[in-house]
Amino acid sequence: MTLPVGAAIPPFVIEVNPAAMQTWAVFLKDPNPIHLDADIVRAKGLGDRVINQGPANVAYIINALTAAFPGGTVKSLAMRFLDNVYGGETVEAGGTVTAVAIEGDLRITTCDMWLKAPDRGAVISGPAVVTQPAF
Amino acid sequence: MSFPPPPDVAGTSLDGTEPYVIDADENRRLCASVNAVPDPDGKAHPIYYYIATQVGMGKTVAGLCAACDFDVDDGPMMGSSQVEFASTLRTGLPYRVTGEIVSLNRKSSRKLGVMDVLAYRLRLIDPGGSTALETTNIWVLPRRELA
């Protein structure tokens, strides 16, 4: 599938499961308790729910890209973290195609991507580039 | 208002000591955790750009913070993460991690007060010696004691 400039990246929607944060703590070898214990989050004044790991949020954006460009390859990402994502929230990753170029036998698509949380808008945003066979 | 300068850590090596292997079973569990379908031919989820470099670098998160004279319990925050892939990540391959701290700058903001902005760059090197990816992460280290 190819998408023209201005096309929307179909949204990837997921409910953030606190149990998944425990497995990500193992993947990342990072036992930061703000991802594991809501009491710690409260004690630090950061809210009342566990906070999702930042790279897990980026993974949702990657999922939106790989679903939008089957057989494509993610070549680059430049994501800014604007706010936290909390356990139990349903977040939506999406974006817009901003440029398309053909270089040799590759179609290079640049997108502005985001992850949105309910009531708070974008919590992550930034450009991404995906390549696909051009022909 | 002026503050004491942050530690001079630019150039500090973050080279890993052991290869990092993306375990195929872990990749399946990671894909399940984010509702992704694992690739049947051994491609790893691209988010391993972050996990492999972060876990495989030569310092733990706490150690990286300590190098910046910052207590990890004071809550480092991710500011941004950028990556350029040169090749697709695959499970089962021993990747080597190289990298270094790029900069540590002290700033003041209305929202966060005094903070240090840490930039560090990591590379994942495949078994053939080619760079599979290069990533640069920016972390914000709040310096509440200087507020």
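All residue numbers here refer to positions counted from 1 along the written sequence of the relevant chain. As a convention, the first chain written is A and the first ligand written is 1, with the rest following in written order. With pLDDT at 70 or above as the cut-off, local features in this predicted model cover only qualifying residues; side-chain atom pairs require 80 or more to be listed or tallied, and sums for whole chains, interfaces and linings still use all residues. Each side-chain value is worked out from all heavy atoms of the structure, with water and hydrogens disregarded.

Attention shifts here to the sheet that holds strand β1 (residues 20–21) of chain B. Pairs of strands are assigned from DSSP output, requiring at least two bridges between the strands. A helix here means a DSSP run of H or I that spans at least four residues, while a strand means a run of E at least two residues long, and both kinds are numbered starting from the N terminus. Taken in spatial order, the 10 strands of this open sheet run β1(A)-β3(A)-β4(A)-β5(A)-β2(A)-β2(B)-β5(B)-β4(B)-β3(B)-β1(B), and their pairing is antiparallel. At either margin of the open sheet sits one strand with a lone partner, and together these are β1 (8–15) of chain A together with β1 of chain B. Where strand β2 (residues 77–85) of chain B meets strand β5 (residues 131–142) of chain B, eight bridges bridge the pair, whose relative direction is antiparallel. Its bridge partner being in β5 of chain B, Ser-81 of chain B is matched across the sheet by Asn-137 of chain B. In what follows, a contact means two residues having at least one pair of non-hydrogen atoms within 4.5 Å. Angles shown run from 0 to 180 degrees and are taken between the N-to-C directions of axes, each axis being a line fitted to C-alpha atoms and, for helices, limited to the stretch in contact. Along the sheet, helix α3 (residues 54–68) of chain A contacts β1, β2 (73–81), β3 (90–103), β4 (106–117) and β5 (121–133) of chain A together with β2 of chain B; its crossing angle with β2 of chain A, the most-contacted strand, is approximately 140 degrees.

To continue, consider helix α1 (residues 24–33) of chain B. By the burial criterion, the buried members of α1 of chain B are Glu-26, Asn-27, Leu-30, Cys-31 and Ser-33 of chain B. One side of α1 of chain B holds all its buried residues, which, seen down the axis, span an arc of 160 degrees. Packed against the buried residues of α1 of chain B are β1 and α1 (18–27) of chain A together with β1 and α2 (48–56) of chain B. Immediately downstream of α1 of chain B, the backbone of Asn-35 of chain B shows phi near 60 degrees, a positive value. Exposure is judged per residue with a 1.4 Å probe applied to protein chains only, and the accessible area is read against the type maximum: over 50% gives exposed, under 20% gives buried, and values in between give partly exposed. Starting at the helix axis, one direction is taken to each C-beta atom, and the arc is that of these directions.

The next point concerns the interface of chain A and chain B. On the chain B side, the residues contacting the 26 residues of chain A number 26 residues. Taken together, the two surfaces of chain A and chain B that pack against each other cover about 2,200 Å², and 64% of this comes from carbon and sulfur. Two parts placed together each lose some accessible area; with a 1.4 Å probe, that loss summed over both constitutes the buried area. Of all residues in chain A, Phe-27, Lys-75 and Phe-81 of chain A bury the most surface against chain B, accounting for 26% of the area lost on that side. Counted as salt bridges are all cases of a side-chain nitrogen of Lys or Arg within 4 Å of a carboxyl oxygen of Asp or Glu. For the interface between chain A and chain B, the tally reads zero salt bridges. Going through the elements one at a time, β1, α1, α3 and β2 of chain A are the ones with two or more residues in the side of chain A that touches chain B. At nine residues, β2 of chain A tops the list of elements feeding residues into the side of chain A that touches chain B. For the side of chain A that touches chain B, the residue count by class is 16 nonpolar, five polar and five charged. Nonpolar residues are Ala, Val, Leu, Ile, Met, Phe, Trp, Tyr, Cys and Pro. Charged residues are Asp, Glu, Lys and Arg, and all others, Gly as well, are polar.

Right, let's talk about the UniProt feature "domain: MaoC-like" (unreviewed entry) in chain A for a bit. UniProt positions are given in the numbering used here, feature names are shortened, and annotations may be inferred rather than shown by experiment. Residues annotated by UniProt as "domain: MaoC-like" (unreviewed entry) correspond here to residues 14–99 of chain A. Strand forms 24% of residues 14–99 of chain A and helix 36%; the C-alpha atoms that close the span are 27 Å apart.

Apart from glycine, the bulk of residues carry a negative phi angle, and the bulk of peptide bonds sit in the trans form. In this model, Lys-29 of chain A sits at a positive phi of 50 degrees, which is unusual for a non-glycine residue. Within the chain, Asp-69 of chain B stands out as a residue other than glycine whose phi angle is a positive 60 degrees. Considering the arrangement of structural elements, one finds Asp-69 of chain B in the loop between α3 (61–67) and β2.

Our next topic: the pairing of β4 of chain A. Residues and elements named next belong to chain A. Where β3 and β4 come together, 11 bridges link them in antiparallel fashion. The residue of β4 that forms the bridge with Thr-96 is Asp-112. Between β3 and β4, which pair antiparallel and follow one another directly, the connecting turn spans two residues, one of which, Gly-104, has a positive phi of 60 degrees. Direction of pairing for β4 relative to β5: antiparallel, over a ladder of 12 bridges. Along β5, the bridge assignment pairs Trp-114 with Ser-125.

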